[in-house]
Amino acid sequence: MRWSGPTGTPCASIGPIAAFLLISLLLLPGPVWAAGGGASSSGNTSLVLVLLGVLAAAYLLTHFVVERLQQRFLFVTGIEYVIVGVLLSPVVAELGSGASLAPAVAFGVGWVALLRGTEQSVALLQDSPRFSLRVAALDFVLTGSLITVCAWAAFTRWLEVDTAQALQVAAMMGCAGAAGSTSATSLLSARFPQLAGGFLPTLARSARYTELIAIGGVGVILAVFHDQPLNAPVVLGPSDWVLLTLGLGVALGWLFSTFVGEDRSDHTVFLAMVGIISLATGAALFVDLSGMAVNLVLGIVLANTASGAGLHTTLIRTRKPMVLTMLVLAGVLWRPVPWVEGLVVVGGYMGLRVAGKLVGSWLASAGTPLRGDLGRGGLAQGDVALAIALSMRLVVDDSPLVDLAFTAIVSSVVIFELMASRLLKGLLVDAGELRQDQDLRPRGMEAGT
């Protein structure tokens, strides 16, 4: 497979190779992650080989089958990779403990946040479509608040759980639910280039803003619920931990901007990216802060330096295999939950998400040329929500409550990804920007070609 470089010229793809190498490096035992014990070296090696084989087969399936189906039927899916992970879970449990996956999970979470951060250059922010920030703010506040309050009330009323943990988990669910995705807008923009002048850019940019706010929200949540170390010489409050998160991101951003230097080769930038994510995420987790928030701030700093463009291009090239890896990891880390409670939590979570986004978009459209039902086109949920779910596994103590929340977020991601593109197309048809009978066949398959 080949990718297009920033100037449109073909260049060799480092995506699949990069992802597989990263999984190999991250799953092999290291001094930091193996400090508390864990699987043996042979067990970790077997785990690496199994995961590499599964990921290679899944990537080939995506490239030759799934991508064509997505273009033909306008859907984005990840459920097949989650199912692969679920089926792989007993093998992983047999070969080693779940802790052996922690480095890969941490890297994936940091990768998503760094990618979002490197998109936030000053020039790009200045060119944002009108009303996109307004839509994102109301969308996030209403959706996030609705999910957080209802989830916390349900958890404390019907489940015997710790009140503080219930609030922390509910708040992280709220951030994941409020986070949007550009998967549907990107798919339709690629299929129908004439839509570039409509309200599709507003939807895309507002989704990006909700992702940024969600990542920052997770950073604040972990700061608020940060445990004070015993016998600590200095007592730090939530605001201090927030400032430490910001300071760590800024400091590492400045450090790595000088580290990359003038060498802009693909290999140098790729190795720098691996080092950036590994060190930033590891430093954040060492002090029990959000690796996502630190990498987001770090990425924003790098986006406004000379090395930012090259780093962002490398992250884009590795996006597909890394998301594939995260979906498989989500399946591996999923734990069965009681059917009744699971269905109630998943259904309630998705219903509250739809209600929040519809009401938020309706309020945001008041006094603007935007449609009141704009929320119909903003239901996609992708990388950031998945990363928040995986982050929850890393930073929150294991409990049945976390299992329910993890199930709800991952289920919501795969279901909304299946529905979002079709819902967005319906909105565009109702708005008159697209015909109902628009040809959906892939380019090059039109009659007479």
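The structure displayed is predicted, hence computed values, not measured ones.

**Student:** Would you mind going over the environment of G108 with me for this structure?
**Tutor:** Within the secondary structure layout, G108 lies in helix α4 (residues 102–118). Under the relative-accessibility criterion, G108 is labelled buried at 1%. Through-space distance from the C-alpha of G108 to that of M322 is 6.9 Å; in sequence the pair is 214 residues apart. The residues touching G108, leaving out its near neighbours within four places in the chain, are M322 and M326.

**Student:** What is the right way to look at unusual backbone geometry in this model?
**Tutor:** Among all residues except glycine, the phi angle is most often negative; among peptide bonds, the trans geometry is most common. One non-glycine residue with positive phi stands out, namely F131, at about 70°. As for its placement among the helices and strands, F131 is situated in the loop between α5 (122–126) and α6 (132–158). Owing to a relative accessible area of 22%, F131 belongs among the partly exposed residues under this scheme. For D288, which is not glycine, the phi dihedral falls at a positive 60°. Position of D288 relative to the elements: it lies in the loop between α11 (266–286) and α12 (291–303).

**Student:** Could you clarify how one ought to interpret the nonpolar core in this entry?
**Tutor:** Judged by nonpolar contacts, the single largest core of 91 residues is most densely connected at W111, V169, M173, M273, I388, L390 and I409. Not counting residues up to four positions away in its chain, the partners in contact with I388 are M172, C175, A176, A214, V218 and M292. Listed in part, the 18 residues of the second largest apolar core include A184, L188, F199 and L370.

**Student:** Sorry if this is basic, but what is going on with the environment of N295 here?
**Tutor:** Examined against the element boundaries, N295 turns out to sit in helix α12. With 50 residues separating them along the chain, N295 and T245 place their C-alpha atoms 9.6 Å apart. Those residues in contact with N295, other than ones at most four positions away along the chain, are G110, A113, L114, I276, I277, A280 and T281.

**Student:** Explanation requested: the packing of α6 against helix α7 (residues 163–178) in the structure shown.
**Tutor:** The N-to-C vectors of α6 and α7 enclose an angle of 150°; their axes lie 8 Å apart at closest approach. Between α6 and α7, the angle is such that the two are roughly antiparallel. Handedness of the α6/α7 crossing: right-handed. Across the interface between the two elements, D139, F140, T143, G144, I147, T148, A151, W152, F155 and T156 of α6 pack against T163, A166, L167, V169, A170, A171, M173, G174, C175, G177 and A178 of α7. Its residues assigned to classes, the contact of α6 with α7 shows 13 nonpolar, seven polar and one charged.

**Student:** Looking at this structure, I do not really get the pattern of salt bridges. What am I missing?
**Tutor:** Here the idea is simple: oppositely charged side chains can pair when their charged atoms come close. What the rule picks out here adds up to 13 salt bridges. With its nearest N and O atoms 3.9 Å apart, the salt bridge here joins R335 to D403. In this pair, R335 sits in the loop between α14 (319–333) and α15 (339–364) while D403 sits in helix α17 (residues 400–430), placing the two residues 68 residues apart along the sequence. For D403, a relative accessible area of 11% gives the class buried. Note that D373 is salt-bridged to R371, the shortest N-O span being 2.9 Å. Relative accessible area serves as the criterion here: at 22%, D373 is assigned to the partly exposed category. On the accessibility criterion, R371 (28% relative accessible area) is partly exposed. A single network of salt bridges, built from pairs that share partners, joins R116, E119, R208, E211, R319 and D383.

Reading the values: rules and limits
- Residues numbered from 1 in each chain as written.
- Predicted model: local features only at pLDDT ≥ 70, side-chain atom pairs only at ≥ 80, totals over all residues.
- Heavy atoms only, no water.
- Helix = DSSP H or I, 4+ residues; strand = E, 2+ residues; numbered from the N terminus.
- Buried < 20%, exposed > 50% of the residue type's maximum accessible area, 1.4 Å probe, protein only.
- Contact = heavy atoms within 4.5 Å.
- Core = buried A, V, L, I, M, F, W, Y, C linked by side-chain atoms within 4.5 Å.
- Axes fitted to C-alpha atoms, helices over the stretch in contact; angles between N-to-C directions.
- Parallel < 35°, antiparallel > 145°, perpendicular 65-115°, else oblique.
- Left-handed = near helix turned anticlockwise from the far one by under 90°.
- Nonpolar A, V, L, I, M, F, W, Y, C, P; charged D, E, K, R; others polar.
- Salt bridge = Lys/Arg side-chain N within 4 Å of Asp/Glu carboxyl O.

These figures come from the coordinates and say nothing about function on their own.
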